[in-house]
Structure formats: C-alpha cells, structure tokens
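Understanding the architecture of this molecule
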Amino acid sequence: MIPYILIDWLFDSVVLSLFTVITIIYYLSTSTYDKWRKLNVQHIHPVPLFGNVFKMIMGLEDQITAFGRIYRRFPNSKICGFYQMRTPFLMIRDPELIDAITIKDFSHFTDHGLEFDPSINLLARSLFFANGQKWKVMRQKLSPGFTSGKLKCTNDQIKECSDQLIQFVDEKLSKQSDGFDVKEIFGKFTTDVIGTCAFGLKLDTITDSDSNFRKYLNEIFGNNFKQTCIMMLGMVFPKVVKFFKLRSFPLEASNFFYSVFTDVIDYRTKNSVVRNDLAQTLMEARKELVLNGDNATGDEKFTDLDIISNAILLFTAGAETVSVTAAFCLYELALNRDIQNKLRDEINSKNEKYGGQFTNEFLMDLHYADMVLEETHRMYSITVNIIRQATQTFKVPGMDSFIIEKGQKIVIPMSSIHHDPKYYPNPKTFDPERFTKEEKSKRPNSTFLPFGEGPRHCIGKRFAELELKLVLSKILTKFEVLPCEKTEIPLQLRRKPGLVQPRNGIWLNFRSINTS
Ligand code: HEM
C-alpha cells in the first residue's frame, strides 16, 4: 500500500508543476501585450495566446472579416495596433502613410519580415521571403524575365492553353451541363500556362485529371490541419518550430518541384537550350550569382537552392493567384449579366477591329475589361494584407513624435481599404464603373493595391493581367456564363490563412453562344 503522505506529496508536486507550466505559458503568451498601451496606440484588448485573431485562427471567420473588424474599429486613426497571436503588428490605415511606406520611404521598409527557416522550407529562399540586400539582388536578376518584350512572346502560348480550355468545356458540355467548378478548371489552365510560358513544360493538366502538378499545388495552397497548426505555433513560439524543424511547406510537394526544376535547368545546360522565358532568366541569374559569385560571402552568397526555390515560387504564385482571380471574375459576370454582355460587346467589337486575332494590341485596347478586372481585384483581393517590416527607425510625418521602431512588423490592410465605403460606396456591389478614369482620379493614391505597391510590388503583375484578359476574351466570345443550381450566393470564403479562396469552389455553367 502507498502511504498517504506519498500520495499527498505526489498530488502536490503534480499540481505545483501544472501551475508552474501554466504560469510560464501564460506569461510567455501575454508578455508582449503591453506594447500598444505603452506607446499610446489605439488597439483592441488582446485575448491570451491568440491576441486579436482568435476567431480567424479557430476557423470561425475568414481573414477579410477578421482584419476588417480591426480596421473599422478606429475609423479616425491613421494607425492602430493589434496582436497576431503574441506578435504586435502596426496596421497602417492612412493612404498617405501607406504611400510613404511602400514608395517614398521604401528604403526604411524593404522587407516582408517573414521568418521561415530556409533549412526546412525550400520556399523560404525565394524572392517573396528574401530580405535586405539578398532580396534586392534577386529582384534585379528576375525582373528581366518580365519585360514587355518577354511578355509579348507568351501571347501565342496562352492562346493555345485557352483554346484547350475551351475545347475541354465544349466537350464536357456535350455530355453534361449541371455545372463546372471554374476554380478547378482555371487552376488547370493557369498551371499549363505557367508551365509552358515560364519553363517550356507541356503539362496538359487540363486533360490530365491525375496531374502531379495540380496535386502538389493543391497541397501547398490547401493549408491542411497540420500546416495550419505549425503556422500557428510559429506565430506564438517561432523558436520551437525552428528547434523541432517543423515544416509548414509540405515535404513531398517540395521534393517534387525541386526535382522538376532541377531537371529543367540541367537539361537546358547540358543541351545548350536557350529560350526567351523565365527559366532562362533563372539560368542567367544562376550563372552570375552562383557559378561566378565567388566574391560574395555569408548572407549574400547564392546557391543552386536559391535558384530552384525561386523557380518554385514563380511557378506556384503564377498558377494559383491567376486562377482564383479568374474564377471570382467569372462568378461576378455570371451574376451580373448586363456587365457580362457589355464586356462581350467590347471584346467582339475590338476583335473585329484587330482582324479576329487576340493580339497584344487587341488586349491593350480592352478598356472595359480592365475595369471589370480591377473591380474583381477590389472585391476579391486574394492577399488580404500587404506586409512590411521596418528595416530602419522611421519618424511618422504629421504624428507628433511617433516613431516606428526598427523591426516593427506592419500590415497594410489592402482588402479592408478596398471595402471601405469612404473610398468605394456600396462596397458589396460589383460595379466596374468605379474604375473609369474620372472615378479613379477622385480617390487618393494607395487606395487600390491588389498587386502591392512600390519597388516590392508583384513582379508578375503584367503577366497576370495579360493572361486574365486573354482567357476572359476567349471564353466570353465562345460562351455565355450562367449561375447553376450549385452556385453559392453569397459566396463563402475559406476560413484559413493564405490566399483568399472560395470555400466550396465556384460552380457555374456555360452556354455555347453559337448554339443558343
Ligand atoms: C492575380 C494575380 C496576382 C496577384 C493579385 C498578385 C498579388 C501579389 C501581391 C499583393 C504581392 C505582394 C506585393 C507587395 O508586398 O507589395 C505579390 C508579390 C509577388 N508576386 Fe504576385 N500576384 C499575382 C500574380 C503573380 C504571378 C503571375 C507571378 C509570377 C509569375 C507572381 C509573382 C510574385 C512574386 C515573385 C512576388 C514577390 C515579389 C517581391 O517580394 O519582390 N504574382 N503578388
């Protein structure tokens, strides 16, 4: 029999240990929560461990709603503070200050401030995650891949993929007509486009339902339970994630893309293949930075892994962003038939003007299409926020003595600004007329930011615009786009971090224009 005194002792020890552990966790998870109070910055009172993002982290609300709530709480402030888990973030609400941070005083805010460990997350070596000088050098080397001349060359390849997409829809229509998940079919289309335009890979994912490229892209952007947990842990205790080498970027997907792009580069090097595409730009970057970069040391030294990591970034960013935007756009066109008809009229009349060819000149002349796409970006900004980190101390102009200290993480609430009735009355209404020249000139700078702003804006912006206009033109000349029984109204958004995505796909139907 165990003596009572021992049981008592054991009980006391367990209670004491538990109390100590809980106290330490409580202390660690709340120890940063006095920052905004001390600095006299308006903020919402945080909840232990979760800060101000409890509902979002628990999947009870989507990101647009979560950040929108913080943004709307302080309508008269230029800035406000919030806590993402235990990290204090400064939210910049004022367009003039956003302009300063992203453009005028960019040298103080060059970094995104993401801290992923490159030894376990291959993507952490890529441009989006790079900081300081390494970002600057890599950006310079990749920019030549996106010049107008290079983009022009991609027109025929995008047209070819669009024709395959149309053929796919046509064939399916002849067998079934109860709707398509357009997010899924655009996903296949954009995967083919980036594969062929950027890397010379003919992937045919439109017809291949078992494509590994789609499978692994879905894994990366799907944010499954494990990835979400690691991400959350990383926000609270980044050192724990680092110590245990926990991966938020799935290993299998990482290995797959690593081997694909290593093969592309090896094949081209061995066979002296020269093409006018992004893979070529990456190979030139490799030649200068890796093979001839002997003088560089430490953080500024580039390796083959940096090159492959950027190939993966360009492929994944190029595929997923455009497909989601195209699907959102088609959704609004299906629900707003007058806008769809007006856009089709423009496409048809300009098509006639340019001899039925979908040339770059034709695309440049589609002004209403620009307005429709801008309104799509406004309503469905696929990244909710733009992020920056102060790389130098910055005295905020016009705010007495308020200083943004070096290292401060910053959020520019892009989506909330795009939904602010002060800049966009009736923000829930899809109305491309907001983007006439006249209407645009009435709004302050930095109130429309779908691709970010300044030297760190999206490097693929013009490629995305070209691809979106081309595929929309192809689709609308061939089909009417309609809601179907499965169309969700209003559309629900995914309640997970990462890119803004529809929660249950976007289901629409098509009617061939020739046969209607
Ligand atoms: C609808 C399509 C797209 C949207 C809405 C979009 C949006 C964005 C945004 C908001 C940023 C952050 C900008 C900032 O911090 O100021 C970004 C960065 C980036 N985007 Fe895109 N993007 C799109 C398409 C693409 C495409 C097609 C590619 C490549 C082929 C691409 C590659 C990148 C890269 C590499 C960065 C990091 C740039 C840097 O840190 O220097 N994006 N994008």
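Residues numbered from 1 in each chain as written. Predicted model: local features only at pLDDT ≥ 70, side-chain atom pairs only at ≥ 80, totals over all residues. Heavy atoms only, no water.

1. Considering the overall build of the protein chain
Of the regular secondary structure elements, the protein chain holds 21 helices and 9 strands. Its C-alpha atoms give the protein chain a radius of gyration of 25 Å, within 12% of the compact-globule value 24 Å for 516 residues. Expressed as a percentage of contacts within the protein chain between residues at least 6 apart in sequence, the contacts between residues at least 24 apart total 74%. For the protein chain, the accessible surface area stands at approximately 24,700 Å², while carbon and sulfur atoms represent 56% of it. If you average the places of the 66 positive and of the 60 negative side-chain charges in the protein chain, the two averages end up 4 Å apart. (Helix = DSSP H or I, 4+ residues; strand = E, 2+ residues; numbered from the N terminus. Rg over C-alpha atoms; globule rule 2.2 N^0.38 Å. Contact = heavy atoms within 4.5 Å. Areas by Shrake-Rupley, 256 points an atom, 1.4 Å probe, with all protein chains shown as cover. Lys, Arg positive; Asp, Glu negative; His and termini not counted. Charge placed at Lys NZ, Arg CZ, Asp CG, Glu CD.)

2. Regarding the nonpolar core
Among the nonpolar cores identified, the biggest contains 152 residues, and Phe186, Phe257, Phe261, Leu330, Ile404 and Phe510 are the most heavily contacted of them. For this core, the leading source of residues is helix 15 (residues 304-335), giving 18 residues. If we ignore the near neighbours within four places in the chain, the residues touching Phe257 are Phe213, Tyr216, Leu217, Ile220, Ile312 and Phe315. (Core = buried A, V, L, I, M, F, W, Y, C linked by side-chain atoms within 4.5 Å. Buried < 20%, exposed > 50% of the residue type's maximum accessible area, 1.4 Å probe, protein only.)

3. Re the environment of Asp306
Within the fold, Asp306 resides in helix 15. The spatial distance from the C-alpha of Asp306 to the C-alpha of Val481 is 42 Å, given a sequence separation of 175 residues. When near neighbours in sequence (up to four residues on either side) are disregarded, Asp306 contacts Arg125, Lys134 and Lys301.

4. Remarks on the UniProt feature "transmembrane region" (unreviewed entry) in the protein chain
UniProt's entry tags residues 6-28 with the feature "transmembrane region" (unreviewed entry), counted in the numbering of this structure. When the span residues 6-28 is considered, its composition is 100% helix and 0% strand, and the gap between its end C-alpha atoms is 33 Å. (UniProt positions renumbered as here; feature names shortened; annotations may be inferred.)

5. Things to note about the coordination of the iron atom of the ligand
Among protein residues, the single donor to the iron atom of the ligand is Cys458 (SG), with a metal-donor distance of 2.3 Å. Its place among the elements puts Cys458 in the loop between helix 20 (437-442) and helix 21 (461-478). (Donors = N, O, S within 2.8 Å, 3.2 Å for Na, K, Ca; no water.)

6. Section: the packing of aromatic side chains
Summed over the entire model, instances satisfying the criterion amount to 25 aromatic pairs. Measuring from centroid to centroid gives 5.4 Å for Phe180 and Phe510, while their planes differ by 75 degrees, and the two rings are edge-to-face. Residue Phe180 is located in strand 3 (residues 180-181), and its partner Phe510 is located in strand 9 (residues 507-512); the two are separated by 330 residues in the primary sequence. Here the two residues Phe180 and Phe510 agree in accessibility, since each one is buried. An angle of 55 degrees between the planes, with centres 4.8 Å apart, marks the rings of Phe435 and Phe448 as tilted. (Phe/Tyr/Trp six-rings, centres within 6.5 Å; stacked < 30°, edge-to-face > 60°.)

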